[in-house]
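# Residue-level structural notes
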Amino acid sequence: MSALATALRAEVAGLEPGERLPSSRSLVARHRVSPVTVSRALGLLAAEGLVVTRPGSGAFAAERPPAGREPGDVGWQAVALGDRAVDPAGVAWLLNPPPEGVVPLSGGYLHPSLQPARALATATARAARRPDAWAVPPLGGVPELRAWFARTVGGGVAPADVLITGGGQQSVTTVLRALLPPGAPLLVESPTYLGVLSIARASGLHPVPVPVDADGVRPDLLAEAFAVSGARAFYCQPTFHNPTGAVLAPERRVRVLDAARAAGAFVVEDDFARHLGIEAAPPPLIAADDSGRVVHIASLTKATAPSLRVAAVIARGPVAERIRATQLVEEFFPARPLQETVLELVSSPGWARHLRAVRTALRARRDALRAALAKELPELRASRPEGGLHLWVRLPDGVDDVALAEAALREGVLVSAGRPFFPAEPQGSYLRLGYATAPSEADLAEGVRRLAAVMRG
């Protein structure tokens, strides 16, 4: 569609306002595309204000807007804004689609072929027909959805402990704003999720690294970091950690809670990948917490589709009220149609079938990517995660991961350099390779072949 839209923009530029474009039928024949592609391209140009479509008559060149004024001097804004900056680079890298022809071994969502598109369409249609679909929802969220999250998490969680939120990223932002004032330290795993580093720095927090190994965060160093920094919160991903895929070992789970208890601190548990388990996922940390120590974030986006921005924050005690109040003043509430859609989706018989299909596909893709690496790049050490979307690959000493990722993109494969996942100095040179975003297992193998060519070159 992008090539057709580009061609049509050039054609519209040569028309006078009101002149008619060729008919859809002639565009189909000329460009050898489907009628759907033509319709979408014209829709894009209409959204850009370049054409006007008239049902039954065709598409016409739109009136051209008058020439804009010369831009004014906005230099004064630098003084007014001060020295605080918001850097979206890491998050934008994850969200921008790869260029055409590039094999994506990076990205945080399932390929469209793995997403429950048909089930979502059905759930959305049913949700829209509910009598109160567009009304203000109860401020904690639709009660039946809160009850579903409580049952899913287990561990004695009650529906009253659940707050429905607008996706995992928004949940992390709301929780950190509620827990910590600007300037406070925040303990994070090292490496960790790029998005939490962006949120922390934009909020004026200071991320303090705590190293992770194959069994998750090291509790001895966590206790030391609490003591040295005076931090009152620790953000972690105990299950299918991003980017390493590690699962926090059972004996370490107890010690993490003990360290937080000794420091009088909260544990923010980001449980984003629970529904992406290739193997069975252990119970969440909150299931072993009886004193309101853990603030749990449960997200559904990764297991469904990028725009299903619905999650839940589970907390007990005064911190729950603080988080609810923060959400209320910042965003009111998540859109009710999305809440109702999620409820329809997870209540349907197809939900369990979808999760089984995703689990099977992720296992095959993980193994295919590891097999391709073993064949093409046997010198690399790749993790074997029990869930999630990524392999964490150790590069040989002396290899610059950032330069390698840039060179790989030029050769047609998108990978994530490891360095940005570290809040401070990296512990080595790594790549994060995703196995869920590429179209097929054959594409995974081709991506590795291109990466190997870059490394050998």
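Anyway, here's the lowdown on the structure attached to this text. Not measured: the values here are computed from a predicted model.

Procedures and definitions
Residues numbered from 1 in each chain as written. Predicted model: local features only at pLDDT ≥ 70, side-chain atom pairs only at ≥ 80, totals over all residues. Heavy atoms only, no water. Pairing = 2+ DSSP bridges. Helix = DSSP H or I, 4+ residues; strand = E, 2+ residues; numbered from the N terminus. Buried < 20%, exposed > 50% of the residue type's maximum accessible area, 1.4 Å probe, protein only. Polar contact = N/O pair within 3.5 Å; in protein donor to acceptor, adjacent residues only side chain to side chain. Contact = heavy atoms within 4.5 Å. Axes fitted to C-alpha atoms, helices over the stretch in contact; angles between N-to-C directions. Core = buried A, V, L, I, M, F, W, Y, C linked by side-chain atoms within 4.5 Å. Parallel < 35°, antiparallel > 145°, perpendicular 65-115°, else oblique. Left-handed = near helix turned anticlockwise from the far one by under 90°. Nonpolar A, V, L, I, M, F, W, Y, C, P; charged D, E, K, R; others polar. Salt bridge = Lys/Arg side-chain N within 4 Å of Asp/Glu carboxyl O.

## Here's the deal with the sheet that holds strand 13 (residues 390-394)
Spatially, 12-13-16-15 is the arrangement adopted by the four strands of the open sheet, whose pairing is antiparallel. Each edge of the sheet is formed by a strand with only one pairing partner; in this case those strands are strand 12 (381-382) and strand 15 (416-417).

## Points about the environment of Ser440
Tracing the backbone through its elements, the reader meets Ser440 in the loop between strand 16 (430-434) and helix 16 (441-456). Residue Ser440 is classed as partly exposed on the basis of its relative accessible area of 25%. Between the alpha carbons of Ser440 and Ala288 there is a distance of 39 Å; along the sequence they are 152 residues apart. Side chain to side chain, Ser440 and Asp443 meet in a polar contact 2.6 Å long.

## Digging into the environment of Gly350
For Gly350, the location among the structural elements is in helix 14 (residues 350-376). For the pair Gly350 and Ala119, spaced 231 residues apart in sequence, the C-alpha to C-alpha distance is 7.2 Å.

## Focus on the sheet that holds strand 11 (residues 311-314)
Across the sheet, eight strands lie side by side as 4-11-10-9-8-5-6-7; this open sheet has mixed pairing. Only two strands of the sheet have a single partner each, and these edge strands are strand 4 (162-165) and strand 7 (216-217). Where strand 4 lies against strand 11, four bridges are found, and the strand directions are antiparallel. Directly across from Leu163, in strand 11, lies its bridge partner Val313. Packing against the sheet, helix 7 (residues 143-153) makes contact with strand 4, strand 10 (294-299) and strand 11, and its axis sits at approximately 115° to strand 4. Those strands touched by helix 9 (residues 194-202) are strand 5 (185-190), strand 6 (206-213) and strand 8 (233-236), and its axis lies near 160° from that of strand 6.

## A closer look at the pairing of strand 11
What you see with strand 11 is no split at all: Ala311 and Val313 on one side and Ala312 and Ile314 on the other are buried throughout. As paired strands, strand 10 and strand 11 are joined by four bridges and run antiparallel to one another. Bridge pairing links Ile297 to Val313 in strand 11.

## Considerations on the nonpolar core
Among the nonpolar cores identified, the biggest contains 85 residues, and Phe149, Phe226, Phe234, Leu362 and Leu433 are the most heavily contacted of them. Among the elements that line this core, the one with the most residues is helix 14, at eight residues. Not counting residues up to four positions away in its chain, the partners in contact with Leu433 are Leu105, Leu369, Leu373, Leu389, His390, Leu391, Val393, Val415 and Leu451. Of all hydrophobic cores here, the second largest spans 32 residues; its members include Leu176, Leu179, Ala320 and Tyr430.

## Here we look at the side chain of Glu376
Position of Glu376 relative to the elements: it lies in helix 14. Setting aside its immediate chain neighbours within four residues, Glu376 contacts Val448, Arg449, Ala452 and Arg456.

## Observations regarding the packing of helix 6 (residues 117-128) against helix 13 (residues 336-346)
Angle between the axes and distance between the axes: these two values describe a pair of packed helices. Closest axis-to-axis distance for the helix 6/helix 13 pair is 8 Å, and the angle between their directions is 125°. The orientation of helix 6 relative to helix 13 falls into the category oblique. Taken as a pair, helix 6 and helix 13 cross one another with a handedness that is right-handed. Residues Ala119, Leu120, Ala123, Thr124, Arg126 and Ala127 of helix 6 form the contact with helix 13, whose own contacting residues are Pro337, Glu340, Thr341, Glu344 and Leu345. The residue makeup of the contact of helix 6 with helix 13, split by class, is six nonpolar, two polar and three charged.

## Let's talk about the pattern of salt bridges
Following the criterion strictly, the structure yields 21 salt bridges and no others. Residues Glu340 and Arg130 are paired through a salt bridge, measuring 2.6 Å at the closest nitrogen-oxygen approach. Taken as a pair, Glu340 in helix 13 and Arg130 in the loop between helix 6 and helix 7 lie far apart in primary sequence, 210 residues in all. Glu340 gets classed as buried once you look at its relative accessible area, which sits at 3%.

## Regarding the pairing of strand 13
Among the five residues that make up strand 13, five are buried, leaving the element largely enclosed by the rest of the structure. Side chains His390, Trp392 and Arg394 project from strand 13 onto one buried face, and the interleaved Leu391 and Val393 project onto a second face that is buried too. Relative to strand 13, strand 12 is paired through two bridges, and the arrangement is antiparallel. Looking at the pairing, Arg381 lines up with Arg394 of strand 13. Relative to strand 16, strand 13 runs antiparallel, the two being bridged by five bridges. By the bridge assignment for strand 16, Arg394 is matched with Tyr430.

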